[in-house]
Amino acid sequence: MTNETQHFHGEYKVIGGKLVVADVTTDGKTITEVKISGDFFLEPEEAYFDLAPALVGAGVNADNATLRGRLDEALAGYGSELAMHGFSTADIATVVRRALGSAANFTDFDWQVIRGEVLPTQLNVALDQVLLEEVAAGRRQPTLRFWEWEDTATVIGAFQSYVNELRPEGVEKHDVQVVRRISGGGAMFMEGGNCITYSMFVPPALVAGLDYEESYVFLDQWVLAALKTLGVEAFYKPINDISSTGGKIGGAAQKRMRDGTLLHHATMSYDIDADKMVEVLRIGEAKISDKGVASAKKRVDPLRSQTGEARKDIIDVMADTFASRYGATFGTYTPEELKRAQELVDEKFGTEKWTHRVP
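Computed from a predicted structure; not experimentally measured.

## A few points about the pattern of salt bridges
Taken as a whole and judged by the stated rule, the model has twelve salt bridges. Asp-271 is the partner of Arg-304 in a salt bridge, and the nearest nitrogen-oxygen pair spans 2.5 Å. Taken together, the residues Arg-304 in helix α11 (residues 302-307) and Asp-271 in the loop between β15 (262-269) and β16 (272-273) connect sequence positions 33 residues apart. Residue Asp-271 is classed as buried on the basis of its relative accessible area, which comes to 14%. Residues participating in the shared-partner salt-bridge network are Arg-115, Lys-312 and Asp-316.

This is the structure we're talking about:
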């Protein structure tokens, strides 16, 4: 750290709220000057002028909780008179952290959207690793890709126990391909056409200043917007579930490389055979209700029933929403990426050693 004056700018659109902007000056060690602005509402007006002084003197590495604590203390004297509409002290802390982390916005990058060809699930899982490494190395631009597959598979999280998650008799009966992915999270039962799955490959700067939970909500705002276009009022349930007034729709998972490059992917239920799923997965009673599976229900179909649209049409809306919001172009995988993915299937994702890495 030096004592040289440095200036930072950050913007943060509050989920379901307003835009908050921070202009921060530091001496390399502490915050020396702050300007908070935005299209939010704050009463009484005098409270606004207590925001910046509360942050001056904080360390440049102060975490969100520390910054939020300073703001809450500064505003405590207003008691019940204080009204913050469209933002909170936590959001101010977030935008300051994003400013200091030199955070970027979606539109700062040239995104590519891939409407994938039909591929085996093992190859789809391998492509997540390949494209993550390609974006980290700077050989590929940030990318959103939609999976397509025809086989019947169960994709389990990086740290799930094979025997705890799967019923061998169901796997054999339904000829299920079991594949372990590189991200954490839970198992996904995936027959061709029964889910919508996408993966995003994200530069570190896009999620700078966001904690783990915030990054999930931030990265999927385009998804919630697309679902709203389709008539579904969707929202995030911490940490990583996409839900609506009609129940859970899907869940997301992430994998971060050491340099901060991020894989963010989600699977949303379109039309799942619930009876077959419970024959394949060891789903306890606590998880059954969470997955929207009632004992007598034959299908789990939140996207189909809540939108009334064909799966392809939903993906069309999602892809177009992302492209129009962020200026993305449509592309495809390179021959080298597909070749490397197949090599990873042979070396890793298609092997017993990897699939049973947690017995």
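## So, the side chain of Ser-161
Relative to the assigned elements, Ser-161 resides in the loop between β8 (153-156) and α5 (162-165). A polar contact is formed between the side chain of Ser-161 and the backbone oxygen of Pro-359, at a distance of 2.6 Å. The contact partners of Ser-161, leaving out residues within four places of it in the chain, are Val-358 and Pro-359.

## Let's talk about the nonpolar core
Within the largest apolar cluster, 71 residues are counted, with the highest numbers of intra-cluster contacts made by Val-96 and Tyr-198. Tallying contributions element by element places helix α12 (residues 311-326) first for this core, with seven residues. Residues in contact with Val-96, not counting those within four places in the same chain, are Ala-22, Val-24, Ile-31, Ile-36, Leu-55 and Leu-67. Leu-132, Val-178, Val-179 and Leu-344 belong to the second-largest nonpolar core, a separate cluster that totals 41 residues.

## Some points on the packing of aromatic side chains
Per the stated rule, a full pass over the model turns up 14 aromatic pairs. Consider the rings of Phe-40 and Phe-87, whose centres lie 4.1 Å apart with planes at 20 degrees: the pair is stacked. Here the residue Phe-40 occupies a position in the loop between β3 (31-38) and β4 (41-43), and Phe-87 occupies one in the loop between β5 (83-85) and α3 (89-100), the gap between them amounting to 47 residues. We note that Phe-40, like Phe-87, is buried.

## What about unusual backbone geometry?
Backbone torsion omega between Glu-43 and Pro-44 reads -5 degrees, so that peptide bond is classified as cis. As for its placement among the helices and strands, Pro-44 is situated in the loop between β4 and α1 (51-55). Look at the link from Pro-238 to Ile-239: it is a cis peptide, with omega at 0 degrees. Residue placement: Ile-239 occurs in the loop between β12 (234-237) and β13 (241-244). Within the chain, Ser-102 stands out as a residue other than glycine whose phi angle is a positive 55 degrees.

## Overview of the sheet that holds strand β14 (residues 247-256)
Across the sheet, eight strands lie side by side as β12-β13-β14-β15-β11-β7-β6-β18; this open sheet has mixed pairing. Of all the strands in the sheet, just β12 and β18 (329-331) have a single pairing partner and so form its edges. Ignoring which end each strand starts from, the neighbouring axes of this sheet average 25 degrees apart. With four bridges connecting them, strand β6 (residues 112-115) and strand β7 (residues 143-146) associate as parallel partners. Paired with Gln-112 across the strands is Thr-143, a residue of β7. Relative to strand β11 (residues 195-202), α12 is tilted by about 20 degrees, and along the sheet it contacts β6, β7, β11, β15 and β18.

## Structural notes on the pairing of β7
Of the two faces of β7, the one holding Thr-143 and Arg-145 and the one holding Leu-144 and Phe-146 are both buried throughout. Where the polypeptide runs from β6 across helix α4 (residues 121-137) and back to β7, its parallel neighbour, the crossover connection is right-handed. Looking at chain direction, β7 and β11 are connected through four bridges and run antiparallel. In the sheet register, Arg-145 faces β11, and the bridge partner there is Ser-199.

## Structural notes on the sheet that holds strand β9 (residues 177-180)
Spatial strand order, β9-β8-β10: three strands in an open sheet with mixed pairing. The open sheet is flanked by β9 and β10 (188-190), the only strands paired with a single partner. Direction aside, the axes of adjacent strands within the sheet are offset by 20 degrees on average. When β8 meets β10, the two strands line up antiparallel, connected through three bridges. Within the sheet, the bridge partner assigned to Ala-153 lies in β10 and is Met-190. Contacts from α4 reach β8 and β9, with the element oriented near 10 degrees to β9.

## Here we look at α3
The first and last C-alpha atoms of α3 sit 17 Å apart over twelve residues, in line with the 16 Å expected at 1.5 Å per residue. Most of α3 is tucked away: eleven of the twelve residues are buried. Considered for burial, the residues of α3 that qualify are Thr-89, Asp-91, Ile-92, Ala-93, Thr-94, Val-95, Val-96, Arg-97, Arg-98, Ala-99 and Leu-100.

Calculation criteria
Residues numbered from 1 in each chain as written. Predicted model: local features only at pLDDT ≥ 70, side-chain atom pairs only at ≥ 80, totals over all residues. Heavy atoms only, no water. Salt bridge = Lys/Arg side-chain N within 4 Å of Asp/Glu carboxyl O. Helix = DSSP H or I, 4+ residues; strand = E, 2+ residues; numbered from the N terminus. Buried < 20%, exposed > 50% of the residue type's maximum accessible area, 1.4 Å probe, protein only. Polar contact = N/O pair within 3.5 Å; in protein donor to acceptor, adjacent residues only side chain to side chain. Contact = heavy atoms within 4.5 Å. Core = buried A, V, L, I, M, F, W, Y, C linked by side-chain atoms within 4.5 Å. Phe/Tyr/Trp six-rings, centres within 6.5 Å; stacked < 30°, edge-to-face > 60°. Pairing = 2+ DSSP bridges. Axes fitted to C-alpha atoms, helices over the stretch in contact; angles between N-to-C directions. Right-handed = clockwise from strand over helix to strand, strands pointing away. Expected span 1.5 Å × (residues − 1).

Purely spatial values, then, with no claim about function.
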